Amino acid sequence: MNWKITKLLKNKFTGAIPFFLFLLTLATGGAAAGDTGKNVRQNSSKIPAAPQVLRRKNTEESAATVADEFLTRAALEEPEITGILTSLENADVRLDGLEHRLKSRDSLTRKILKRSRENGTGIRDAADGISDLLRYTYVTTEDKYAETVTRALKKLSRAGIQTAVYKNVWGNSAYVYDHEGKQHSAPDPNQYQGTNVILRTPENIPVEIQFHTETSFRTKEATHRFYEVIRSQDCSPEEKAEAIRQQAIMNARIPVPEGARDLRFPA
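Colleague: Please provide a residue-by-residue account of the pattern of salt bridges, values included.
Modeller: Tallied over the full model, the rule gives 12 salt bridges. Residue Glu 78 is joined to Arg 101 by a salt bridge in which the shortest nitrogen-to-oxygen separation is 2.6 Å. Here Glu 78 is found in helix H2 (residues 50-86), whereas its partner Arg 101 is found in the loop between strand E1 (93-96) and helix H3 (105-119), with 23 residues between them in sequence. Using a relative accessible area of 15% as the deciding quantity, one classes Glu 78 as buried. Using a relative accessible area of 24% as the deciding quantity, one classes Arg 101 as partly exposed. The network of salt bridges with shared partners includes Lys 103, Lys 111, Asp 132 and Arg 135.

Colleague: Describe the confidence of the model for the chain, with residues and values.
Modeller: Across the chain, pLDDT averages 82, with 78% of residues at or above 70. Low pLDDT (under 50) marks residues 1-27, which in the prediction has 4 contacts with non-local residues, meaning those over four places away or in another chain. Here residues 30-45 is modelled with pLDDT under 50, and outside its nearest four sequence neighbours on either side it reaches 2 contacts, counting other chains as well.

Colleague: Describe the pairing of strand E6 (residues 194-200), listing the residues and the values that go with them.
Modeller: Judged by how many residues are buried, E6 sits mostly within the fold: 6 of 7 residues are covered. By the bridge criterion, 7 bridges tie strand E3 (residues 162-170) to E6 in an arrangement that is antiparallel. Looking across to E6, one finds that Thr 163 is bridged to Leu 199. In this sheet, strand E7 (residues 206-213) lies alongside E6 in antiparallel orientation, the contact comprising 6 bridges. The residue bridging Thr 195 from the neighbouring strand is Phe 211, located in E7.

Colleague: If you had to explain the sheet that holds strand E2 (residues 134-140) to someone new, which residues and values would you point to?
Modeller: One open sheet holds the 7 strands; their spatial order is E1-E2-E7-E6-E3-E4-E5, and the pairing between them is mixed. Looking at strand neighbours, the two that pair on one side only are E1 and strand E5 (183-184), the edges of this open sheet. By the bridge criterion, 2 bridges tie strand E4 (residues 173-178) to E5 in an arrangement that is antiparallel. In the sheet register, Tyr 177 faces E5, and the bridge partner there is Gln 183. In the packing of helix H5 (residues 145-158) onto the sheet, the strands contacted are E1, E2, E3, E6 and E7, and the crossing angle to E7 comes to about 165°. Strands E1, E2, E3 and E7 of the sheet are contacted by helix H6 (residues 214-222), whose axis makes an angle of about 110° with E7.

Colleague: Account for the side chain of Thr 148, naming residues and giving values.
Modeller: If you trace the backbone, Thr 148 turns up in helix H5. Take Thr 148: its relative accessible area is 6%, and that puts it in the buried class.

Colleague: Break down the environment of Phe 211 for me, with residues and values.
Modeller: Its location among the elements puts Phe 211 in strand E7. Through-space distance from the C-alpha of Phe 211 to that of Val 139 is 6.2 Å; in sequence the pair is 72 residues apart. Setting aside chain neighbours within four positions, we find Phe 211 in contact with Tyr 138, Tyr 145, Thr 148, Val 149, Ala 152, Leu 153, Gly 194, Thr 195 and Val 197.

About the criteria used
- Residues numbered from 1 in each chain as written.
- Predicted model: local features only at pLDDT ≥ 70, side-chain atom pairs only at ≥ 80, totals over all residues.
- Heavy atoms only, no water.
- Salt bridge = Lys/Arg side-chain N within 4 Å of Asp/Glu carboxyl O.
- Helix = DSSP H or I, 4+ residues; strand = E, 2+ residues; numbered from the N terminus.
- Buried < 20%, exposed > 50% of the residue type's maximum accessible area, 1.4 Å probe, protein only.
- pLDDT = per-residue confidence, 0-100.
- Contact = heavy atoms within 4.5 Å.
- Pairing = 2+ DSSP bridges.
- Axes fitted to C-alpha atoms, helices over the stretch in contact; angles between N-to-C directions.

Have a look at this one:
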């Protein structure tokens, strides 16, 4: 009798133990496997997908290639434009920052990528909208200001370099005209004082010229730190508002040169 009971218990436990171990494996091993899968998913989410990395790299390389192309074309036309503008220099009129007249490759590439992202356009379309491949800054005495703007634009026009956008921002007034003479929204006169002109060469290379008096040029240099705050993504709205206020205060102190408000497009 004792032998039969012992044998029965042994047989029942012999079958139950594997089944119990099987259930235990499901409970613990399955959870571990689930955790492992979860960890793999979490880790993989931290790694950028290969196609995204490749796409970003291709976009950057494409922007750099387009920048090289545009700068090469601009460099071919630069000597003629620089020659025209330097011919107007005298004791009362000078070109400042002439060594930076051709935009750098890195700067242009960054600007192309930024415009492409912000406007949702292709790389080449973004590059076409950049207006300062070649950029110049005239600084004049107040009494020669209006004369310098008029002479420079007329001389460029005779060479086939036509005004595309004309911005006049002096005093409390501001206006913008395109090449067809149509008026567009004007910049805030509290944030800028001067005349800014965008031209196009016969080969469609954009040229930007800023016209300043000695005072407006010095103020522009001094307020550049406020400009950086205003366009920064890291500064708070309060910091930006204060930068705008300080910029407006300094610009309001700039004397308006004689005849500057009367300049109209075409010059």
